[in-house]
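# Report on the structure
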Amino acid sequence: MTQGRHKTAQGAKRMKSIALFGGTFNPVHFGHLRMALELRQALNFDEMRLLPAHLPAHRDNPGATANQRRDMLLQALQECRELSLDERELRRKGITYTVDTLEALRTELGTKVSISFCMGLDSLLNLPRWYRWERLLELAHLVVVTRPGWQLPQAGEVAALLSEKTAAAKRVHETAAGCLILREQTLLPISASCIRQMIKAGHSPQFLLPDAVLQYIQRCRLYLT
Ligand code: ATP
């Protein structure tokens, strides 16, 4: 694990870099884990943290509670030391806005650590509807995963943001926040909702998620109704 500032092979200053990958993880599956691991390796982050979101009680039920979603992530991460869990949104009462999470993290880490918030292109297209979205890039970099064949918007607020803020991936090691990094990556065709439906229908989702997570689901009899 790298700590603080140190030199890259080229001699440029390199900041400590922390990336966050948010989601509901209900349940966590290989699509999430591959995406997070590939991003960490491709952008050479010092840390990649999975950040489960708090959900309103009616969205947790009858699926899994916040504690169960956290336990499944812990099971999954036992098999992968390159990813870690950030529980801060689960610990907060009520819904947390991403901007509040990033404010808290920035206060904790100070201004000399690079923070990257990772999201899909679909989330970027919705960004102008996020609470205090203009503040996000003051607090962190945005790493946007595009799928092969997807078109970037040509007009509007997001197009303007793309043309103003898009930067090379190495910028996440040179500055603490403020860049938009585009990264094309192929996604595994797996979704948590599909896994929940399979279980409800009595089918096995084996090979779509870690065995330890599947065993936890079976032990706790999750997603049956
Ligand atoms: P659901 O099917 O319940 O909507 P999901 O599988 O899409 O869930 P989320 O927890 O909602 O998972 O998503 C967390 C993050 O993971 C999001 O940024 C989402 O874009 C991304 N993601 C979801 N599925 C995949 C996948 N197959 N490959 C890579 N990333 C994924």
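Residues numbered from 1 in each chain as written. Predicted model: local features only at pLDDT ≥ 70, side-chain atom pairs only at ≥ 80, totals over all residues. Heavy atoms only, no water.

### So, the site of the ligand
We count it as follows: To be near a molecule or strand, a residue needs just one of its heavy atoms within 4 Å of it. Here a polar contact means two N or O atoms within 3.5 Å. Within protein one must be a hydrogen donor candidate and the other an acceptor candidate, and residues neighboring in sequence count only if both atoms are side-chain atoms. To measure how exposed things are, a 1.4 Å probe is used in the Shrake-Rupley method; for residues, cover is taken only from the protein chains shown. Put simply, DSSP H or I for four residues or longer makes a helix, DSSP E for two residues or longer makes a strand, and each gets a number counted from the N terminus. Under the convention adopted here, Pro, Cys and the residues Ala, Val, Leu, Ile, Met, Phe, Trp and Tyr are nonpolar, Asp, Glu, Lys and Arg are charged, and Gly plus all remaining residues are polar.
Looking at the ligand, there are 16 residues lining it, with His29, His32, Leu188, Ala192 and Ser193 nearest. At 2.8 Å, a backbone N or O of Thr24 approaches an oxygen atom of the ligand. Burial of the ligand by the surrounding chains reaches 76%, relative to a free accessible area of 600 Å². Of all the secondary-structure elements, those providing two or more residues to the shell around the ligand are strand E3 (16–23), helix H1 (30–43) and helix H9 (192–200). The residue makeup of the shell around the ligand, split by class, is seven nonpolar, eight polar and one charged.

### Overview of the sheet that holds strand E6 (residues 113–120)
Rule in force here: Only strands joined by at least two bridges in the DSSP assignment are considered to pair. When checking whether two residues touch, look at their non-hydrogen atoms; a contact exists if any pair is within 4.5 Å. To define axes, lines are fitted to C-alpha atoms, for helices over the stretch in contact only, and angles between the resulting N-to-C directions are given on a 0 to 180 degree scale.
Strand order in the open sheet formed by six strands is E5-E4-E3-E6-E7-E8, with parallel pairing between adjacent strands. Only two strands of the sheet have a single partner each, and these edge strands are strand E5 (84–85) and strand E8 (180–184). Both E3 and strand E4 (residues 47–52) contribute to a ladder of six bridges, which runs parallel. Along E4, the bridge assignment pairs Leu20 with Arg49. Lying on the sheet, H1 is in contact with E3, E4, E6, strand E7 (141–146) and E8; it crosses E4 at an angle near 150°.

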